[in-house]
Amino acid sequence: MADMIVETPDQVVDFLKAQHDLIEDMFDEVLHASDPQAREKPFTELRQLLAVHETAEEMVVHPRLRREHDEGESIADALLQEEHDAKEQLSKLEDLDITSQQFVDEFTKFRDAVLAHAEHEETEEFPKLQQELTEDDLKRMGTAVKAAEAIAPTRPHPGVESAKLNFAVGPFASMLDRARDLIQSALS
């Protein structure tokens, strides 16, 4: 998991955009795996990155947008709905046979939704943060996002999209997710 955290500039927007690029590459890696069995590892790594990435945005980025910009409330609400929908899709994907055509079809739909969501963040949320915040504020947010990712759950938890719920439920979910990941890794 630690090797998936992207080392990029300290500024939050640059950091998150770099993760968006990595996520897009990871989607391709899953879809273009040499054989269906080879999808398992890149899918697990993608799932983990998506879970920590979205949790950090929900804990740090969206609440800051709400406070800093007049349109922040409506933009954050729309992004949180997209994140909720993506968590539900990802949870369903985890239950499918990774070697099946159904998995490929649903995963392709999921990829399209996640990439559209990233585009919404990059065009609607990030420019507003850059407009309202100083470079030092953006760097402090980058540090906060990295800290949030370090303790975030590694699996989707639909219904836990608010900062308050992430702070209340996140540490326990993270502990359970990381233990489950270790056990599954040992059994593989």
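All figures in this text were calculated on a predicted structure; none of them were measured in a lab.

Cut-offs applied
Residues numbered from 1 in each chain as written. Predicted model: local features only at pLDDT ≥ 70, side-chain atom pairs only at ≥ 80, totals over all residues. Heavy atoms only, no water. pLDDT = per-residue confidence, 0-100. Helix = DSSP H or I, 4+ residues; strand = E, 2+ residues; numbered from the N terminus. Phe/Tyr/Trp six-rings, centres within 6.5 Å; stacked < 30°, edge-to-face > 60°. Buried < 20%, exposed > 50% of the residue type's maximum accessible area, 1.4 Å probe, protein only. Salt bridge = Lys/Arg side-chain N within 4 Å of Asp/Glu carboxyl O. Polar contact = N/O pair within 3.5 Å; in protein donor to acceptor, adjacent residues only side chain to side chain. Contact = heavy atoms within 4.5 Å.

### Regarding the confidence of the model for the chain
Stage number 1. Averaged over the chain, the pLDDT score is 86; the fraction of residues at 70 or greater is 78%.
Stage number 2. Helix H4 (residues 101-132) holds the highest mean pLDDT among the elements of the chain, 97, whereas helix H6 (residues 163-187) holds the lowest, 60.

### Points about the packing of aromatic side chains
Stage number 1. Applying the stated criterion across every chain, the model contains 6 aromatic pairs.
Stage number 2. Ring geometry for phenylalanine 27 and phenylalanine 110: centres 5.7 Å apart, planes at 65 degrees, overall edge-to-face. Taken as a pair, phenylalanine 27 in helix H1 (residues 12-31) and phenylalanine 110 in helix H4 lie far apart in primary sequence, 83 residues in all.
Stage number 3. On the basis of relative accessibility, which here comes to 0%, the residue phenylalanine 27 falls in the buried class.
Stage number 4. Residue classification places phenylalanine 110 among the buried residues on the basis of a relative accessible area of 2%.
Stage number 5. An aromatic cluster of at least three residues, connected via ring pairs, comprises Phe27, Phe43, Phe103, Phe107 and Phe110.

### Looking at the pattern of salt bridges
Stage number 1. Going through the model one piece at a time under the given rule, you end up with 11 salt bridges.
Stage number 2. In this structure, the salt-bridge partner of lysine 41 is glutamate 45, at a minimum N-O distance of 2.9 Å. In this pair, lysine 41 and glutamate 45 are both assigned in helix H2 (residues 40-68), 4 residues apart and thus about one turn of the helix distant.
Stage number 3. The partner of glutamate 106 in a salt bridge is lysine 109, with the nearest N and O atoms 3.3 Å apart. On the criterion of helical spacing, the pair formed by glutamate 106 and lysine 109 is a turn pair, its members being 3 residues apart in helix H4.

### What about the side chain of histidine 117?
Stage number 1. Within the secondary structure, histidine 117 sits in helix H4.
Stage number 2. Polar side-chain contacts of histidine 117 include one of 2.8 Å to the side chain of glutamate 121.
Stage number 3. Ignoring any residue separated from it by four or fewer positions in sequence, one finds histidine 117 in contact with Glu54, Glu57, Leu79, Glu82 and Glu83.

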